[in-house]
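What follows is each chain in one-letter form.
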Amino acid sequence: MEERIMGKYHELAQNIVKNVGGEDNINGLTHCITRLRFRLKDESQANDDVLKNMDGVVTVMKSGGQYQVVIGNHVPKVYDDVLEVAHISGEAEGGEEPQGVFNKLIDIISGCFQPFLGPLCAAGMIKGLNALLLFLGAYSQTDGAYVLLNAIGDAMFYFLPIIIGYTSANKFKMNRFTGMIIGAALCYPAIQLATFGDAQPLYTLFEGTMFASPVHMTFFGLPLIANNYTSSVIPVILVVWFASKVEKVSNRVIPEILQSFFVPFATLLIALPLGFLVIGPIITFATSLLGAGFSAIYTFSPVLMGVLVGFFWQALVIFGLHWSLIPLAMMNLGMYGFDTILAGSFGASFAQTAAVGAMYFKLKDQKLKELCLPAVVSGICGVTEPAIYGITLPKKKPFVFSMIGGAVGGGIMGLMSAKAYTMGGLGIFGVVNYINNETGDASSMIAAFLCILAASVVGFVLTFFFWKDDTVEESDLNREEQKVLNKEIVSTPIAGTVAPLSTAKDDAFAQGILGKGILIHPEEGKVVAPFDGTVMTLFPTKHAIGLVSDNGLELLIHIGLDTVQLEGKFFESFVKQGDHVTRGQTLVTFDIAAIEKAGYSVETPVIVTNVNDYLDIVEVQNKQVAANDDLITALI
């Protein structure tokens, strides 16, 4: 079996699947904030008593056609392992709301880079050190010291698809070593465009158009378009994503006794050829289209060209589409002895670096803050991958601000008609690229320094003044403040009548299994924040919301019983997961009459879930409460 399911909850997942009647008895599986919700073919096959007494299971309940196994707050981790053990797919009712394509892409990219950010920064610093020593004349590019340091620093970037093959496989929950093989195949020399050089192609696809693509080899008669996949990011992620789908299907249809080698065999044999046949052409055609577009823009306005290149350069690098400009630049250098196309990208790395510098002063996450300084050093030397993938892109706004800084720098280069006479140095060492060695003209180098200054100032200022780190620390209180504070007050989130939690119709709440608290019978369909804190969990169905106070109290507000079945109907939310809220702020509204007419109870448990962090939980004794009245006191 693959490594993914051999985790902390693997054995528990196996026992749960076995005692709900096995994977063949499961029609579907979802989860909410505390429980697994099975749809079983035959509930009589489930061993209720065994499950109830199982370590890791709180209790078992049956409601609304669902077989519910109550786990607790760590249910998402158990859910993932149950999916793997049972070889099924499912959709969680809880968790994050849909992120949208752009946010999902950023989450995937940043998630793939997070595990190796430290080594990535180190490699970038070594490349920068090597460039500095070369610039200072310590050695030449043919010297052994340069070659060795270049190999050490550049290896991670050159073979990046192999590393991302591993981390993206982890992200998509498939065999990690299969992911590495996919990355290695993308780096294989025979696949790279540079391997063919000036060799005569078999034929050219779309000859005479901007999409003309020489074909040097075929795959069973299908054109296999060579491309440069080394140092790329998106191609390997896309191929691994597709491979993860193939692997899941293979796990279902291939007998378990043969899975260890036939599943990787089928996955690689299907995913990689299709990856090369589809992703290769997409990258090639997109590159050709961008190249033609940028050429037309430069003819129209060099300043506009500089702004656009400066703004989009970092995004083009992420998708591997910057290759659309490099051939144009090389052609210009060969024909005219200088290039003006890539000049617009010169300020992008400095804007990126400056944004990271500004983030250093505002970040609360100490681990991420520690990565800022090496990323700045690397960025000054022209290596911005650690800054982009590990720091600015996951936070989004700083990445956009760096793009704006790059655009300003690019505009200056276009306005001053800056010319690059070589493509040698990167980062700060790249200023010498703008010196005309034949005439000694350094006017373009002056433009490069102005570009650096403008891009850096814009990137730093925008990030420092217009970006806020929303990371929630465990507590913003210092030790002295914690000594003084000996209780936490939870205000009433919903106006209504109160009753002991033990009177709840749902046994999981009534028995206090999920925590201590109180039951409210709402008289007003509005939920307000009971303290200053952060929305920790907001269900897409909006029937339940998990909050954590600024002082660390975790609270669950569950509106009604089994109202998850309404799929959000009659509910409206005014906040999203991750938002910081203040006491009394409206969080959710709901239609009491409509919910009850649909056959559901609106009784609402309000529960402190991290009760072990407190000496005692004291509920209000009043029978009637209004919003913002004191409801629960947690003694520290």
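Read on for an overview of the structure. (Residues numbered from 1 in each chain as written. Predicted model: local features only at pLDDT ≥ 70, side-chain atom pairs only at ≥ 80, totals over all residues. Heavy atoms only, no water.)

## Observations regarding the packing of aromatic side chains
Pairs of aromatic rings are described using the distance from one ring centre to the other and the angle between the two planes.
Move 1: For the structure on display, the rule yields 16 aromatic pairs.
Move 2: Pairing Phe-346 with Phe-350 gives two aromatic rings, centres 5.5 Å apart and planes at 55°, and the pair type is tilted. For the pair Phe-346 and Phe-350, a shared accessibility class is recorded, and that class is buried.
Move 3: These aromatic residues form a ring-pair network of at least three members: Tyr-360, Phe-361, Phe-460, Phe-464 and Phe-465.
Move 4: The ring of Tyr-360 is capped by Lys-369, whose NZ or CZ atom sits 5.0 Å from the centre of that ring. (Phe/Tyr/Trp six-rings, centres within 6.5 Å; stacked < 30°, edge-to-face > 60°. Buried < 20%, exposed > 50% of the residue type's maximum accessible area, 1.4 Å probe, protein only. Lys NZ or Arg CZ within 6 Å of the ring centre and 35° of its normal.)

## With respect to the environment of Val-57
Move 1: Along the polypeptide, Val-57 turns up in the loop between helix 2 (48-52) and strand 3 (59-63).
Move 2: For Val-57, a relative accessible area of 8% gives the class buried.
Move 3: Distance from Val-57 to Val-69, taken between C-alpha atoms, is 6.9 Å for residues 12 residues apart in sequence.
Move 4: The contact partners of Val-57, leaving out residues within four places of it in the chain, are Leu-12, Ile-16, Leu-51, Lys-52, Val-69, Val-70 and Ile-71. (Helix = DSSP H or I, 4+ residues; strand = E, 2+ residues; numbered from the N terminus. Contact = heavy atoms within 4.5 Å.)

## With respect to a nonpolar patch on the surface
Move 1: Among the surface-exposed residues, Ile-257, Leu-258, Phe-261, Phe-262, Phe-265, Leu-269, Ile-270, Leu-274, Val-278 and Ile-282 lie close enough to one another that they form a single nonpolar patch of about 970 Å² accessible area.
Move 2: Within the secondary structure, Phe-262 is located in helix 10 (residues 259-300). (Patch = residues over 30% accessible without salt bridge, like charges linked within 9 Å, V, L, I, M, F, W, Y side chains within 5 Å. Areas by Shrake-Rupley, 256 points an atom, 1.4 Å probe, with all protein chains shown as cover. Salt bridge = Lys/Arg side-chain N within 4 Å of Asp/Glu carboxyl O.)

## Some points on the sheet that holds strand 20 (residues 616-619)
Move 1: Judged by pairing direction, the sheet is antiparallel, and its three strands sit side by side in the order 9-22-20 without closing on themselves. Only two strands of the sheet have a single partner each, and these edge strands are strand 9 (487-491) and strand 20. Recorded for the sheet is a direction-independent mean angle of 20° between the axes of neighbouring strands.
Move 2: With five bridges connecting them, strand 9 and strand 22 (residues 630-635) associate as antiparallel partners. Bridging across to strand 22, Ile-489 finds its partner in Thr-633. (Pairing = 2+ DSSP bridges. Axes fitted to C-alpha atoms, helices over the stretch in contact; angles between N-to-C directions.)

Read these as geometric descriptors, not functional statements.
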